[in-house]
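Breakdown of the fold
One letter stands for each residue in the lines below.
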Amino acid sequence: MYQHVEAYAGDPILSLVETFKQDPRPNKINLSIGIYFDNEGKMPLPESVRVASERLGIKTQAYLPMEGHAGFREQLGQLMLGADNPALQAKRVAVVQTLGGSGALRLGADFIHRWFPNAKLHVSDPTWDNHRGIFMGAGFTVQTYPYYDAATIGVKFDEMCAYGVKFDEMCAYLQGLPENDVVLLHPCCHNPTGVDLSVEQWDTVLKIVAERKLIPFMDIAYMGFGDTFDSDAYAIRRAVDLNLPVFASCSFSKNMSLYGQRTGGLLVLAPTADEAELILGQMKLTVRRMYSSPPAQGGLTAYNVLSDADLSAQWQNEVYEMRDRIRAMRQKLYDVLSARQPEKDYSYFIRQRGMFSYTGLSVAQVHRLRDEFAIYVLDTGRLCIAGLNDSNIDTVANALATVFAE
Ligand code: LMR
């Protein structure tokens, strides 16, 4: 699939630094890269910067390589695909540390558009608004596939999660796509609706993706918020098992609270280790030309969490606490709304997963919430459940009940 991707010869400056590092001669002198060293050959830390950094609790860092911190990339691959994944062991996965999940989306989009210029992108209706913008910025034509079924709001369903999706229409749409078109999928905690596919539905979708030879681009920004880390990654791991040309963009903004540190990654599964190397080379080139290398602090922090067994276990439990708090807020919303309006079915609040709920609020109701109750929800009706807490939940639930009663 990637035999036509050109080999990247390396950046003239950064490659030289790598060569310098490998030079065993003790008297070597590096006059290549533009870094200021002091009279002792050290990167100095100005006292003013030290004081300011200490105040903020951060340290200055050297440049990372274009593709990011090696340890972070290794840990990321294992977190996403599972530690013993054969594709990782066979070095068939190109992994790049990126500027958050958005950076991963853009990097992947640039690569696909460069090497598969006729490929179009298909996003769910609706999707995170910026998906469209990022891919259009990379030159893509963007279309939508049927996904959210608004008619299912307020209707009772037997199966948790297997509701709220126009599944047959979605499958029919995907079956009509040409080879190498890209389908953007949300492995868990669909943004904005909170409506996810069931395992059986994922299996069907991935079968169609395989048959039609589509490129699945899986954007996972909420790993651990849906169910477990492993089950939230089900769709990605299954697609890798099926040897599909998976692109997976991920973010540590939410589950590590590393928002401003812009910490994310992109994984691409290639048919062979050689092709993974070609992909990585082109991605390094793109990174070099866009922003040179990713920021160090977030990647180092994430690496230190993921590579330490105790911290990693602690982190996963902390994310599960966040998940459970979100679930408790959903339940509370459901309880208050159901008590105020027993004739209506609000169970969708507890069936949806992750940070967001598509509430079914109309634009007029959203504006009323804002104007009368000072409660801010997106015009689409998307409400961030993670913004609820014990102090504001009653106010919000009662305000919702009032506007829903219109
Ligand atoms: C959101 O959907 O609100 C978040 O992913 C934040 C963002 O950048 O839009």
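No experiment lies behind these values; they were computed from the predicted model shown.

Here we come to the packing of helix 8 (residues 199-211) against helix 10 (residues 234-241). The contact between helix 8 and helix 10 brings their axes to 10 Å, and the two run at 35 degrees. Pair helix 8 / helix 10 crosses with right-handed handedness. Seen from helix 8, the contacting residues are V199, W202, D203 and L206; seen from helix 10, they are Y234, A235, R238 and A239. Its residues assigned to classes, the contact of helix 8 with helix 10 comprises six nonpolar, no polar and two charged.

Turning our eyes to something else, we now look at the pattern of salt bridges. Within the structure shown, the criterion is met by 15 salt bridges. Across the pair R288 and D11 runs a salt bridge whose closest N-O atoms are separated by 2.9 Å. Residue R288 is located in helix 11 (residues 273-290), and its partner D11 is located in the segment before helix 1 (12-22); the two are separated by 277 residues in the primary sequence. Here D11 falls in the buried class, since its relative accessible area comes to 10%. With a shortest N-O distance of 3.0 Å, D324 and R323 are connected by a salt bridge.

Before going further, it helps to spend a moment on the site of the ligand. As a matter of local geometry, the ligand sits amid W128, N191, Y222, K254, F356 and R382. Between the ligand and the protein, one listed contact pairs an oxygen atom with a side-chain N or O atom of N191 at 2.9 Å. Within the side chain of R382, an N or O atom sits 2.8 Å from an oxygen atom of the ligand. Here the ligand, which alone exposes 260 Å², has 57% of that area covered by the protein. Looking at the shell around the ligand residue by residue, the classes come out as three nonpolar, one polar and two charged.

An α-helix turns once every 3.6 residues. As a result, residues three or four positions apart point the same way. Along helix 7 (residues 167-175), the positions that sit buried rather than exposed are F167, M170, C171 and L174. Looking down the long axis of helix 7, one finds its buried residues gathered within 95 degrees of arc, a one-sided arrangement. Packing partners of the buried residues in helix 7 comprise strand 3 (142-146), strand 4 (182-185) and helix 8.

Next up on the list: the pairing of strand 4. Of the two faces of strand 4, the one carrying V182 and L184 and the one carrying V183 and L185 are both buried. For strand 2 (residues 121-125) and strand 4, the ladder comprises two bridges, and the chain directions are parallel. Directly across from L121, in strand 4, lies its bridge partner V182. Handedness of the crossover joining strand 4 and strand 5 (residues 215-220) through helix 8: right-handed.

Time to look at the domain arrangement of the chain. Quite often, the size of an interface is put as the accessible area lost when its parts meet. In terms of domains, the chain is made up of domain 1 (12-45 + 312-404) and domain 2 (58-309). Counting residues at the interface gives 30 residues for domain 1 and 43 residues for domain 2. When domain 1 packs against domain 2, the two sides together hide about 3200 Å² of surface, and 62% of this comes from carbon and sulfur. Viewed at the interface, domain 2 and domain 1 are joined by two salt bridges.

On the basis of which strands lie adjacent, the open sheet formed by seven strands has the order 1-7-6-5-4-2-3 and mixed pairing. This sheet does not close on itself; its edge strands, each paired only once, are strand 1 (93-99) and strand 3. The average undirected angle you get between the axes of adjacent strands in this sheet is 25 degrees. Here strand 5 pairs with strand 6 (residues 247-251) via four bridges, running parallel. The residue bridging I220 from the neighbouring strand is C250, located in strand 6.

Turning next to the packing of aromatic side chains. Where two aromatic rings form a pair, the distance of their centres and the angle of their planes describe that pair. Going through the model one piece at a time under the given rule, you end up with 16 aromatic pairs. Measuring from centroid to centroid gives 6.3 Å for Y346 and F349, while their planes differ by 35 degrees, and the two rings are tilted. On the accessibility criterion, F349 (0% relative accessible area) is buried. Over the face of the ring belonging to F20 we find K28, whose NZ or CZ atom lies 4.8 Å from the ring centre. A cation sits over an aromatic face here: R382 above F356, 3.7 Å from the ring centre.

To continue, consider the nonpolar core. Formed by 83 residues in total, the largest nonpolar core has its most connected members in M80, M170, F252, W315, L333 and L400. Built from parts of two domains, this core gets at least three residues from each of domain 1 (12-45 + 312-404) and domain 2 (58-309). Core analysis: the next-biggest nonpolar cluster, separate from the first, contains 40 residues, F111, W115, V182 and A270 among them.

Attention now goes to helix 10. Among the residues of helix 10, A235, I236, R237, A239 and V240 are the ones counted as buried. Looking one or two residues past helix 10, N243 carries a phi angle of roughly 65 degrees, positive in sign.

Moving on: the packing of helix 5 (residues 100-115) against helix 11. Helix 11 packs onto helix 5 with a crossing angle of 115 degrees between their chain directions and a minimal axis gap of 10 Å. Of the two possible hands of crossing, helix 5 and helix 11 adopt the one that is right-handed. Facing helix 5, whose interface residues are R106, L107, G108, D110, F111 and W115, helix 11 presents I279, Q282, M283, T286, V287 and M290. Considered class by class, the residues forming the contact of helix 5 with helix 11 number seven nonpolar, three polar and two charged.

Conventions used here
Residues numbered from 1 in each chain as written. Predicted model: local features only at pLDDT ≥ 70, side-chain atom pairs only at ≥ 80, totals over all residues. Heavy atoms only, no water. Axes fitted to C-alpha atoms, helices over the stretch in contact; angles between N-to-C directions. Helix = DSSP H or I, 4+ residues; strand = E, 2+ residues; numbered from the N terminus. Left-handed = near helix turned anticlockwise from the far one by under 90°. Contact = heavy atoms within 4.5 Å. Nonpolar A, V, L, I, M, F, W, Y, C, P; charged D, E, K, R; others polar. Salt bridge = Lys/Arg side-chain N within 4 Å of Asp/Glu carboxyl O. Buried < 20%, exposed > 50% of the residue type's maximum accessible area, 1.4 Å probe, protein only. Near = heavy atom within 4 Å. Polar contact = N/O pair within 3.5 Å; in protein donor to acceptor, adjacent residues only side chain to side chain. Areas by Shrake-Rupley, 256 points an atom, 1.4 Å probe, with all protein chains shown as cover. Arc of directions from axis to C-beta. Pairing = 2+ DSSP bridges. Right-handed = clockwise from strand over helix to strand, strands pointing away. Domains from an automatic or database assignment. Buried area = accessible area lost by both parts, 1.4 Å probe. Phe/Tyr/Trp six-rings, centres within 6.5 Å; stacked < 30°, edge-to-face > 60°. Lys NZ or Arg CZ within 6 Å of the ring centre and 35° of its normal. Core = buried A, V, L, I, M, F, W, Y, C linked by side-chain atoms within 4.5 Å.

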